[in-house]
Structures are given as C-alpha cells and as structure tokens.
Amino acid sequence: MNKIQNIRININSGVVNQVPSKRVDLPNSNNLSSDAFYIKDIDKETEDRVRKNVENYKNLTLTELKKILKNKDSKVEFYRTFNAAVYNNFHDISKIIFESNSTSSPNFAIQNLDGKINTKFQIDDIEFVANVKSINRIIEKMERKNKKTLEEVTDVVRGRINCKDVNQAQKILEILKEKLGSQNKEIIEVDDMINNPRPDYMGRIHLTIKDKETGVNFELQIGSKNITDFIERPISINYGTRESFSNDGRSLLIEEDLFKSNYHDLIYKAAKKLEKDSKYEKIKPEFQKIYEKYVDIQRKIFESEKEGTFQKNKNDIDKSIRELDNLLINTFSKIPKEDVIKAIES
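No experiment lies behind these values; they were computed from the predicted model shown.

About the criteria used
Residues numbered from 1 in each chain as written. Predicted model: local features only at pLDDT ≥ 70, side-chain atom pairs only at ≥ 80, totals over all residues. Heavy atoms only, no water. 1 Å grid on protein atoms, 1.4 Å probe; cavity = no way out; pocket = protein on both sides within 12 Å on 5 of 7 lines; lining within 4 Å. Points joined across faces, edges and corners; volume = space filled by probe spheres on them. Helix = DSSP H or I, 4+ residues; strand = E, 2+ residues; numbered from the N terminus. Nonpolar A, V, L, I, M, F, W, Y, C, P; charged D, E, K, R; others polar. pLDDT = per-residue confidence, 0-100. Contact = heavy atoms within 4.5 Å. Salt bridge = Lys/Arg side-chain N within 4 Å of Asp/Glu carboxyl O. Buried < 20%, exposed > 50% of the residue type's maximum accessible area, 1.4 Å probe, protein only.

1. Things to note about the layout of surface pockets
Its volume calculated, the largest pocket comes out at about 1700 Å³. Lining the largest pocket are 40 residues, and of these K133, R137, D155, Q221 and H264 sit closest to its centre. Considering only enclosed or pocket space, the second largest pocket measures out at about 240 Å³ in volume. Considering the residues around the second largest pocket, the lining is formed by 14 residues, among which K58, L150, E151, V153 and N217 are closest to the centre. Breaking the lining of the second largest pocket down by element, the ones donating at least two residues are α1 (44–57) and β11 (216–224). Here the lining of the second largest pocket is composed, by residue class, of eight nonpolar, three polar and three charged.

2. Some details on the confidence of the model for the chain
Within the chain, residue pLDDT values average 83, and 85% of them lie at 70 or more. Low pLDDT, under 50, characterises residues 1–39; the stretch is placed with 99 contacts to residues that sit more than four places away or in other chains.

3. Topic: the pattern of salt bridges
Applying the stated criterion across every chain yields a total of 24 salt bridges. Across the pair K185 and D92 runs a salt bridge, and its minimum N-O distance is 2.4 Å. Note that K185 is positioned in strand β9 (residues 185–192) and D92 in helix α3 (residues 72–100), a separation of 93 residues in sequence. For the pair K185 and D92, a shared accessibility class is recorded, and that class is buried.

See below:
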C-alpha cells in the first residue's frame, strides 16, 4: 500500500503544512499532482472554527451574501471555511476508496480558482472531484429558486465520483454505506437512480452526507463516466458570422458566431422552457424529438452498462449521439442566440 503522508490545514492562514517540509498557500496555490501527496484530516482547532463559521453562515440572506462577495476579507474567510470542509470530506472519502483499491497508486491534485479549491483524486477507473460552489453561483441559484437563506442551498460543498460503469458505482455506494460512519460521516439522504431510475434520468446516485466534524452537508454524486460525459457533451451552435474591430481599431474582424453549450443546458434548461413559448410553437415537435432521443440514448448507455455490453453497443450509441448533435444544431439554429442564452440563465 502507498504511504499516506500527513497534511494539516490552518484555516486562519489558509496554509497547508505537509509533513515534513512542504507548505502550500491555498489562496495562491498552483496545480499540484503527486501520487505521494495525500491529505490528512483537518485538525481539531480548524474543525471547531469551521463549525462555528458554518453555523453563522447558515442564516445568510441573499443581501448578506452579496455584501460578502464585494468584501475581499469576508470573501476570503467564506472560501477558507468551505475549502476546509471540502478538504475534510475529500480526504475521508478518498481514503475509503484508496483503501478499497490498495494495489494501485492514486493521483491527487489541488487547483485554486479565485480563492476556492478544486480537488481531484484518481485511482484505476475511479475519479473523484470535489469543490466549493462559487458565491456568484450560490447567489444565482438562490435568486432562481427563491431560496431565503444559505442553509437552503444543499450543494455549497459538493463532489462527484465517476466510475467505469453503473455496476462499479453501486459497489462504491455500498462501500461508503459501510465505512463512512468510521469517519464521523452520516448519509442522511439517498436518491438511487441506478436501482430506481427515473424515466428521464438514470445511472446516477445522489447522496447528502452529514459531516459531523465540520457541520457541513456534503452533496455527493456517484455515477457512470459514460453517462456523465453524455449529459455534459459539449456542442456548438453556429449563428453565422459576426464582425468586430481589432484592438487597435484598424481592422475589421469577421469570425464565426459560435454559441458553445452542452447537452444538459440545451435540453434540460433551454428546450424545456422554449417549447412553452408561443413564438416557437411550430418547432415544438422538434423539441419533443430531441428530448425523446436524449432519453433513449441515456437508457441505452445505462442498460448496456448494467448488462456488461457497453463496448459491444458503443458504435450504435455513438451513431445515435451524432444524430442528436444534428437535431440540436438544426433546431437551435432557428432560435435567436439571445433567446437561448436567456432560457439557460433564467
């Protein structure tokens, strides 16, 4: 088994100390990667401060969050608190996965984005990523879903485990059910869309985990990488060309006007809203066809993985995905880009 080295987070300074000699300043850290670099549970002093801060943050209103966003020191403290919570959950879950796959060497990485950390752990076919939701995204979600306080946003601290297939995802769930208690964690909610697939969403498991050490609820998704890649498949809609002047103002630039998005945003956000708009009554059947194709492909991936026949069916699945690409491009090119963006963001 690989040796696990110790790292301690100090929330007061935002510094991580790795025994015996390395130090990483979280707010300014670069991307780090090493199979020998592993994290240790945050210390008791940090746990106490995180719990205290989290308790105070629970009742933050939308107005108060906007004030934090504008105040540098408050913003740094907010992210340091939840960075520590991410670390704590990330460490404990990674450790469980690592010890269940002890014959392989893990890879671990930290990346800083605007003061909040993204963490990544990979071993064999399992990839685990975790991060803090940005304050901007929290505010957007509270406005969109009419949330009154931060406590109502359940994915401030969140993670995702991508597995080679849905069968492996179920095994990971069983391992976590068995061992999370030993790490002072408790699964308080399970939405198992592998054993209980929805008509339009399958192959994933959503967990809410109570972290008793920091007082934070950690939202964790476990699922098939193939289904994740399908749902998040990037796609671009070509809206012809657009003109702009060069920086010096001397040249007129003509370039493709591409709107870059992904399946989830175009289908679940834009199409679902636009089909209700009377302006697009004539292309409503096209929206329905897109939706049916999307669900059908997701089901093919899900059932193939359950039966162990994904590789056998991959060419047929890839062909269906290319057909869906064309459907999306042909349909959304008929809709002004501004309407598509508004539907996604509203």
